[in-house]
Amino acid sequence: MLRLSEEQEQRALRLHRESIIFDAHCDTVLQVLEGKRTLGERSGEGHVDIPRLKAGGIKAQVFAVFVRPEWYGDAVHATLKGIVVLTREIKKNEKDIMLAQSFDDAKKAINQGKVAAFISIEGGEALQGDLDMLEVYAKMGVSSIILTWNNRNAIADGAGDIRSNGGLSSFGVEVIKEMERLGMVVDLAHISPKGFWDALEVCEKPVIVSHALPRKFMDIPRNLDDEQIKAVAERGGVIGVSFYFTSYGGPKGSLEKVLDAIDYIVDKAGVDCVGIGSDFDGFDGKVEGLESCEKFINITRGLVHRGYSDEDIEKILGGNFMRVYEKVQS
């Protein structure tokens, strides 16, 4: 574990308190849908709930409604149910958390001492080929959509289904254009490499990759190579460093590895394009030093220990993602 001087410890505590800590991706909604636990009660299971978010100083959390493959036959119904269950949990705990349908909502929630809860949909299967569903989801509070998961869909190929070398479809082009019109953030996590480059040609606003790692840490399609990292940065976008190092059989993650990934992206493309996208509750087990969202202070401590400036730490912890959400929604 990190050893900081007393001065460094105090600086880390101050920065963590004053910064907007923004986690761009968790899958906690699935466990709520399964009846395993609620958002409002502290749990010994999983990684995220409201008490632990508050204790960890997280001020903005993106909750993903993941479109599971078993939902594909009735994806709209299943996605709508996921959104309703999530918003119901937020309403039940309104003293501590607030639905953020916009950047301004997020600032309002944070100013009131509440967690700003953004809703994301993980998987364009949720549209079932109907462009009008984007406006339905937007009106329900969805602020971002991950175009694909690992499988091919009507929008593009996912990172786990790239045999055809397919990229963005004509429907996918229309989806991106409509998302940008509605002020929805385009999220390129999990998309195939060809789909990634196709999407960047279409997007006129900054994009995010909510949860990923540099390809150097594991050479798999869902991770980003150096050129992809630089391309996101050049367009004003942000990459959320994931804690899920064991994806596809990789070695167990740790705080030090998360910090290494942040360093790598900063070195390749600058500090303005990196943030945090834990992928909490999207994987089993514990990450050493980041066992749950309650331990986010250790990221701040690590950034202090590695010599980042106050300004850069604030950007990494959440300022960069907040900037993109404001830009896309303006």
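Note that the coordinates shown come from a computational prediction; the quantities given were computed from them, not determined experimentally. (Residues numbered from 1 in each chain as written. Predicted model: local features only at pLDDT ≥ 70, side-chain atom pairs only at ≥ 80, totals over all residues. Heavy atoms only, no water.)

Topic: unusual backbone geometry
- At His190, a position not held by glycine, the phi torsion is positive, near 75 degrees.
- Relative to the helices and strands, His190 resides in the loop between strand E6 (185-187) and helix H8 (193-202).
- For His190, a relative accessible area of 4% corresponds to the buried category.
- Look at Asp279: it is not a glycine, yet its phi comes out positive at around 70 degrees.
- Among the residues examined, Asp279 registers a relative accessible area of 4% and is labelled buried. (Helix = DSSP H or I, 4+ residues; strand = E, 2+ residues; numbered from the N terminus. Buried < 20%, exposed > 50% of the residue type's maximum accessible area, 1.4 Å probe, protein only.)

A word on H8
- Burial in H8 covers these residues: Gly195, Phe196, Asp198, Ala199, Leu200 and Val202.
- On its buried face, H8 is in contact with helix H7 (170-182), strand E7 (208-212) and helix H9 (226-234). (Contact = heavy atoms within 4.5 Å.)

Some points on the packing of aromatic side chains
- Scanning the entire structure with this criterion turns up 13 aromatic pairs.
- Centre to centre, the rings of Phe22 and Tyr325 are 5.5 Å apart; their planes meet at 55 degrees, and the pair counts as tilted. Here Phe22, found in strand E1 (residues 21-26), pairs with Tyr325, found in helix H12 (residues 310-329); they are 303 residues apart in sequence, far enough to count as distant. In this pair, the class of Phe22 matches that of Tyr325, namely buried.
- Ring geometry for Phe217 and Tyr264: centres 6.1 Å apart, planes at 85 degrees, overall edge-to-face. (Phe/Tyr/Trp six-rings, centres within 6.5 Å; stacked < 30°, edge-to-face > 60°.)

Overview of the layout of surface pockets
- When its volume is computed, the largest pocket comes out at roughly 370 Å³.
- Lining of the largest pocket is provided by 22 residues; of these, Asp27, Phe66, Asp281, Gly282 and Phe283 occupy positions nearest its centre.
- Tallied by class, the residues present in the lining of the largest pocket amount to six nonpolar, seven polar and nine charged. (1 Å grid on protein atoms, 1.4 Å probe; cavity = no way out; pocket = protein on both sides within 12 Å on 5 of 7 lines; lining within 4 Å. Points joined across faces, edges and corners; volume = space filled by probe spheres on them. Nonpolar A, V, L, I, M, F, W, Y, C, P; charged D, E, K, R; others polar.)

Structural notes on empty space enclosed by the protein
- Enumeration over the complete set of coordinates arrives at two cavities of 30 Å³ or more.
- Space inside the second largest cavity adds up to approximately 30 Å³.
- Around the second largest cavity, the lining residues are Leu188, His190, Ile191, Phe196, Pro221, Arg222, Asn223, Leu224 and Gln228.
- Its residues assigned to classes, the lining of the second largest cavity shows five nonpolar, three polar and one charged.

Notes on the packing of helix H5 (residues 103-111) against H12
- Close contact between H5 and H12 brings their axes to 9 Å; oriented N to C, the two are set at 135 degrees. Looking at the two axes, H5 sits oblique to H12. Residue-level inspection shows Phe103, Ala106, Lys107 and Ile110 of H5 in contact with H12, the latter providing Met322, Tyr325, Glu326 and Gln329.
- Taken together, the residues that form the contact of H5 with H12 break down as five nonpolar, one polar and two charged. (Axes fitted to C-alpha atoms, helices over the stretch in contact; angles between N-to-C directions. Parallel < 35°, antiparallel > 145°, perpendicular 65-115°, else oblique.)

Digging into the pattern of salt bridges
- Summed over the entire model, instances satisfying the criterion amount to 26 salt bridges.
- With its nearest N and O atoms 3.1 Å apart, the salt bridge here joins Arg42 to Glu294. Taken together, the positions of Arg42 in the loop between helix H2 (28-33) and helix H3 (50-55) and Glu294 in the loop between strand E9 (274-276) and helix H11 (297-305) put the pair 252 residues apart, joining distant regions of the chain.
- Overall, Glu294 belongs to the partly exposed group, its relative accessible area being 27%. (Salt bridge = Lys/Arg side-chain N within 4 Å of Asp/Glu carboxyl O.)

Looking at helix H10 (residues 255-269)
- Between the first and last C-alpha of H10 there are 21 Å, a value that for 15 residues agrees with the 21 Å anticipated at 1.5 Å per step.
- Considering only its buried residues, H10 is in contact with H9, strand E8 (238-241), E9, H11 and H12.
- Two residues or fewer past H10, Gly270 is found with a positive phi of approximately 100 degrees. (Expected span 1.5 Å × (residues − 1).)

Let's talk about the pairing of strand E5 (residues 142-146)
- With five of five residues buried, E5 is to be regarded as a mostly interior element.
- Here strand E4 (residues 115-122) pairs with E5 via four bridges, running parallel. Each bridged residue has a counterpart across the sheet, and for Ser120 the counterpart in E5 is Ser144.
- Between E4 and its parallel partner E5, the chain crosses via helix H6 (residues 133-139), and the hand of that crossover is right-handed. (Pairing = 2+ DSSP bridges. Right-handed = clockwise from strand over helix to strand, strands pointing away.)

Remember, this is a structural readout, not a statement about activity or role.
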